[in-house]
Amino acid sequence: MKSFLSGLAAFLLCGVGLTACTTPSAGPPAVRIRWAQDPQTLEPLTATSSQAVEVINLRHCSLLAGDYEHGRFAPWLAESLPVISRRNSFTLLTYTLRREATWDNGQPVLARDVAFTLKVMNCPRLPTEYSRTQYGVILDIELDAANPRRFTLVCKGSSQNVIIASGDYLILSEHSLDPEAALRAVPLPLLRADTAAALRRYPSLLNLANRYRSIPPEKQPGCGPYQLTAWAKNQYLRLQRKPNWWGSKLNKPPRWLQAQAEVLDYRIIPDNATALLALRRGDIDLYPEPPAQDFNRLRHSADSTKLLFSVANSYDVTMVGFNTQRPALKDPLTRRALSMLFDIPGLISATQPGLAYRSVGLINPHDKPAYNDSLPLLVFAPQRALALLSQAGWQQHPDKTWWRNKIQLVLNIIYKAGAADHEAIATQLRTTARQLGVLIKLRPQESTLLRRQMQSGNMDMYVHTLNGTPYAYNFFSIMHSRGIGMINYPRFQNAESDHLIEAITAEPNPLRQASLLRRFQVLLQQESPVAVLYFARHRLIASRRLGTVQAISARPGYDATQLQLASARQ
Amino acid sequence: MRPPPQQTTSFGWQQWLAVTWLGLLLLAAVGAGLLPEQYLAPDLLHTSAPPLTPNHGLGTDPLGQDVGMVLLFGARVALCVSLPAALLAAALGTLLGLLAGYWGNQRLQLPACYWLSGFLAAACYVLVTVPSHGLVVWWWPLALGAVAILVGRFLSCITGLRKPIAFPADWLLLTLITLLAALPRLLLVLTVAAASEPTFWGLVVLLTLTTWPQSARLVRAEVQRVRQLPYLEAATAAGLPPWRIVRHHLLPNVWGPIATTIPLSMAALIALETTLSFLGVGLPPEIPSWGRLLAFSRVAPDAWWLLALPGLCLLATTLSLRQLLPVNKQRSTI
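Counting starts from 1 at the beginning of each chain's written sequence and moves along it residue by residue. Both sets of labels track the order of writing: A upward for chains, 1 upward for ligands. Reporting of local features is limited, given that this is a predicted model, to residues whose pLDDT is at least 70; pairs of side-chain atoms are given and counted only at 80 or more, and all residues count toward the totals for whole chains, interfaces and linings. Values shown for side chains rest on all heavy atoms present in the structure; no hydrogens or waters enter the calculation.

1. Regarding the overall build of chain A
- Labels follow the DSSP assignment, with helices taken as runs of H or I lasting at least four residues and strands as runs of E lasting at least two, numbered in each case from the N terminus. Within chain A one finds 20 helices and 20 strands.
- For chain A, whose C-alpha radius of gyration is 26 Å, the value lies close to the compact-globule estimate of 25 Å for 570 residues.
- Once the C-alpha set of chain A is aligned to its principal axes, its extents read approximately 85 × 80 × 45 Å.
- Sequence-distant contacts, at least 24 apart, represent 70% of the contacts inside chain A between residues at least 6 apart.
- Counting every atom, chain A has about 24600 Å² of accessible surface; 53% of that belongs to carbon and sulfur. Atoms counted for the radius of gyration: C-alpha only. Globule rule: 2.2 Å times the number of residues to the power 0.38. Contacts are assigned to residue pairs with any non-hydrogen atoms lying within 4.5 Å of each other. Surface accessibility in these figures is a Shrake-Rupley result with a 1.4 Å probe; residues are shielded only by whichever protein chains are displayed.

2. Comments concerning the domain arrangement of chain B
Residue and element names in this part refer to chain B.
- When the domains of chain B are assigned, the result is domain 1 (13–108 + 167–323) and domain 2 (109–166).
- As used throughout, domain bounds are those supplied by an automatic or database domain assignment. Using only C-alpha atoms to locate each centre, domain 1 and domain 2 end up separated by 34 Å.
- Listed by partner, the interface residues are six residues for domain 1 and five residues for domain 2.
- Of all residues in domain 1, Gln106, Leu108 and Phe167 give up the largest surface area on contact with domain 2, accounting jointly for 85% of the area buried on that side.
- Whenever a carboxyl oxygen of Asp or Glu lies within 4 Å of a side-chain nitrogen of Lys or Arg, that contact is scored as a salt bridge. On inspection of domain 1 and its partner domain 2, the count reaches zero salt bridges.
- Pairs of N or O atoms within 3.5 Å make up the polar contacts considered here, provided that, within protein, one atom can donate a hydrogen while the other can accept it, and that residues adjacent in sequence are counted only when both atoms are side-chain atoms. For the pair domain 1 and domain 2, the interface holds one residue pair in polar contact (both at pLDDT 80 or more). Buried area is a sum: the accessible area each of two parts loses on coming together, probed at 1.4 Å, counted once for each and added.

3. Quick word on the domain arrangement of chain A
All names here are of chain A.
- Along its sequence, chain A is organised into domain 1 (38–217), domain 2 (226–313 + 541–550 + 558–569) and domain 3 (315–536).
- When each unit is reduced to the centre of its C-alpha atoms, the spacing between domain 2 and domain 3 is 33 Å.
- Buried area between domain 2 and domain 3, summed over both chains or domains, comes out near 580 Å², and the portion from carbon and sulfur atoms is 53%.
- Our enumeration of links across domain 2 and domain 3 arrives at zero salt bridges.
- For the interface between domain 2 and domain 3, the tally reads three residue pairs in polar contact (both at pLDDT 80 or more).
- For the side of domain 2 that touches domain 3, the elements supplying multiple residues, two or more each, are α11 (292–299) and β12 (307–322).
- Take the side of domain 2 that touches domain 3: its biggest share by element is four residues, from α11.

4. Section: the sheet that holds strand β6 (residues 138–143) of chain A
All names here are of chain A.
- Overall, antiparallel pairing links the four strands, which are arranged β4-β5-β7-β6 in an open sheet. Only two strands of the sheet have a single neighbouring strand rather than two, namely β4 (83–87) and β6. Neighbour to neighbour, the strand axes of the sheet diverge by 25° on average, direction disregarded.
- To obtain each axis, a line is fitted to C-alpha atoms, and for helices this fit is confined to the stretch in contact; angles are then taken between N-to-C directions over 0 to 180 degrees. Those strands touched by helix α5 (residues 160–167) are β4, β5 (90–96), β6 and β7 (150–156), and its axis lies near 40° from that of β5. Pairing between two strands is assigned when DSSP locates at least 2 bridges connecting them.

5. Observations regarding the sheet that holds strand β14 (residues 395–396) of chain A
All names here are of chain A.
- What the three strands build is an open sheet, ordered β14-β15-β16; its pairing is antiparallel. The sheet is open, and its two borders are formed by β14 and β16 (407–408), each paired with just one other strand.
- Of the strand pairs in this sheet, strand β15 (residues 402–404) and β16 are connected by two bridges, and their pairing is antiparallel. Bridge pairing links Arg404 to Ile407 in β16.

6. Comments concerning the nonpolar core
- By nonpolar core we mean a set of buried residues, namely Ala, Val, Leu, Ile, Met, Phe, Trp, Tyr and Cys, connected to one another through side-chain atoms within 4.5 Å. Buried residues are those whose accessible area, probed at 1.4 Å on protein chains only, stays under 20% of the maximum for their type, while exposed residues exceed 50% and partly exposed ones sit between those limits. If you look at the biggest cluster of nonpolar residues, it comprises 101 residues, and the most contacted ones within it are A:Ile413, A:Met461 and B:Trp290.
- Ranked by the residues each element gives to this core, the list is headed by helix α2 (residues 67–103) of chain B, at 16 residues.
- Here B:Trp290 is in contact with B:Leu25, B:Val70, B:Leu71, B:Gly74, B:Ala75, B:Ala78, B:Ile270, B:Thr274, B:Pro310, B:Cys313, B:Leu314 and B:Thr317, once residues within four sequence places are set aside.
- Counting 94 residues, the second-largest nonpolar core is a separate cluster that includes A:Ala78, A:Tyr169, A:Leu170 and A:Leu172.

7. Considering the confidence of the model for chain B
- pLDDT measures how confident the predictor is about each residue, on a scale from 0 to 100. Mean pLDDT over chain B works out to 85, with 92% of the residues at or above the 70 mark.
- Considering only residues more than four positions removed or in separate chains, one finds that residues 328–334 of chain B, a stretch of pLDDT under 50, has nine contacts.

8. A short note on the interface of chain A and chain B
- At the interface, 23 residues of chain A touch 19 residues of chain B.
- Buried surface at the junction of chain A and chain B, summed over both partners, amounts to about 1700 Å²; 56% is from carbon and sulfur atoms.
- Where chain A meets chain B, there are five salt bridges.
- Ionic pairing is found between A:Arg443 and B:Glu286, a salt bridge with its closest N-O pair at 3.9 Å.
- At the junction of chain A and chain B, the tally comes to five residue pairs in polar contact (both at pLDDT 80 or more).
- Here the element with the most residues in the side of chain A that touches chain B is helix α15 (residues 420–436) of chain A; it accounts for nine residues.
- Here the side of chain A that touches chain B is composed, by residue class, of eight nonpolar, seven polar and eight charged. Each residue gets one of three labels, nonpolar for Ala, Val, Leu, Ile, Met, Phe, Trp, Tyr, Cys and Pro, charged for Asp, Glu, Lys and Arg, and polar for the others, Gly among them.

9. Points about the packing of aromatic side chains
- Aromatic rings from Phe, Tyr and Trp, with only the six-membered ring used for Trp, were paired whenever their centres fell within 6.5 Å, and each pair was classed as stacked if the ring planes differed by under 30 degrees, edge-to-face if by over 60, and tilted otherwise. Under the defined criterion, the tally for this structure stands at 14 aromatic pairs over all chains.
- Aromatic pair A:Tyr95 and A:Phe151: ring centres 5.6 Å apart, planes at 20°, arrangement stacked. You can see A:Tyr95 sitting in strand β5 and its partner A:Phe151 sitting in strand β7, a full 56 residues away along the chain. Here the two residues A:Tyr95 and A:Phe151 agree in accessibility, since each one is buried.
- Geometrically, the ring pair formed by A:Tyr357 and A:Phe535 is stacked, given 6.0 Å between the ring centres and 10° between the ring planes. Of the two residues, A:Tyr357 sits in strand β13 (residues 356–357) while A:Phe535 sits in strand β20 (residues 530–543), which places them 178 residues apart along the sequence. The pair formed by A:Tyr357 and A:Phe535 is uniform in burial state, with each residue classed as buried.
- One aromatic cluster is present, built from ring pairs that chain together A:Tyr473, A:Phe475 and A:Phe520.
- A ring is considered to have a charge above it if a Lys NZ or an Arg CZ atom is located within 6 Å of its centre and within 35 degrees of its normal. Stacked on the ring of B:Tyr102, the Lys or Arg B:Arg107 has its end atom at 4.5 Å from the ring centre.
- Lying over the aromatic face of B:Phe278, B:Arg298 brings its terminal NZ or CZ to 4.9 Å of the ring centre.

Printed below as a string of structure tokens:
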């Protein structure tokens, strides 16, 4: 009996201990959002996943913020939009930072922080390839000796893209990442032009790069509204609103300087069915981008009384890209032939019923001035594809296979494993191509591996959803030859296209820019480095616990700073 | 006195049912081989359609593929993967079991010169990378083996290297079996399958390499039992060559246990292949399988037919294969 009682006591103690371990810590009520995958890294220079970008934008601020309601950029850290002036062929953009803007430790955000950020974005021994391409228009920065919050950026070009690029990078804190101010002495033009020479003249750059790498990105201080309080990889990520968030001190702060929710709790649930169950059980409050079938089914079910639904046009375009450097896909005729094997209306009705629309290219059809509506939409025409293949020099053997210069037309297509819509596209293509004698192998890949393979060009074709923005057109990363090895996954290299992309980026006149964009669409349709299938609509399902939620056109399809529990509104 | 149990081959209704199902399965597998792949073309207007939809009697999956056709082609894949893998595993297990059971640790002896050349060849295989071909290229180990034999012959001229050294076949086999048994089979197969590009024959080889220990253990035990019997000692004393003893006296004895394991192995392999395909690491996605159909039930949780129909096929096949085991009925005289 004695041993039984002691055993029972030990059991109860264990039970209490375990319960104590698993009980979530009490705190302010959180807005719980579903994520399909972990951000993996929060490194500002290299993060590309939408989850990582979302967290980075909540922890840090840029000079300008996207105003998705009006499709333009608005001042964020800056007091106002930059004052534009000219010096020779250069554009000067003068910014003044808000005097309320502070870092976590209360120190003000100053112009020297902006200068430090630009230098980090060009610092040798750091992964700066993307930022060099994206923000290469910023040539130099001149600080105002009289006002520590004022500075002037010297830029090449004068288009809207240049203004956006001048303020669309998050600002890093100099005092915490470079306390010895080693970068102050290094001129930005030297870093941009010749990193080897910069390293020779300023060996301390190596120490700075090492120091930057040694600080985990999640520990870097930011001047945004939220701080990271917990992150269990592949489980959850929690952001807490800063108690002394400087934006709250503003009189009538604009939407992008507000932070409504006290706690944002991101729950990583890879499986869609599990996420749907979690929403129904009330374990999450917001389910962004559910599969179209689930969204439609739920919208017409009894659950609609407990849930909120919202849809918005997006700039997310789903496409199939061709590796233009592969011998079989080098000529545009073969690529155009393969583009004719997609049954796009069928694919939309099968995977995105009522939640996607077609386009002739990478420009959203809702952007009327820039969209080239004189171009025909891609048609599903296998017989015309056969003719094009013959025209491209391919010959069909008696066993129905296609050969050219002793190369058989056998291709592989990679896509994200588990993405049902991408799998449907690949399967439909494979089946149609098979009937014509073109062999296509399906290769689903895990998302990190997929990105790596697309960057290295280790594929023939890929299915991809490109996340665009409503603010400007910048095709440097995705279609310019300088983007090969980064986001130019088709490895597309064409002198005329490069020239057009540069002209689009540099063109200040909206009408002339629209004309260039139309020409660019014609060129893309002729060259067919990608087959654009459809633009999908953003969709959200939210629990009534959230009051109102509005889907937006910009990624990630909702504005996290505007999410708020209904109870907190009252 | 109680009579010894009698063996009978008479079938009960369960066995007839099992044979009928397996016959249908075989028919489906052969039939699917004759059908054009066109039957698997997705019907994009009817995705996740329930059974009894026009033209899709058993419904469709979320890609719009006809479930009936996927089941038919899946039956072919289940048989084409599990049958060769089970037969190959049984053959490999028999070979290794015979080697270990008959020769043991002492009876197979090789001159030291061959040990030395074999060791050098193995070291060469591990350390030297074949230029631009990789170590798995088929001719590389063969070439090394041939060189090892030649070098062994050359070294046999040295008197000191002619001394025979026993090859511990039994110890090696048991160690290998213990190593494989120490790792959960599903985990092992999953790891290898996830790390390599999925191919049909790759999967067959992988399943073979993880299934042979069962047969090997049985054969080894049976051979060790038979080896002690007087007729085998007489055969050895009569000077019959080992291969003849193995072929005429050992193999007929081990055939019974091996024949018993093949249907069981097939059932286990079908279940394993289905699991791998369910997890998306088995066969390439263009090859239809029951496991992939089951996996679609995660994409469309309301589509019960994606869970029920392949599940039923899997259950019926596994149970039927188990019914194929030799029927031992003990007739009581009481």
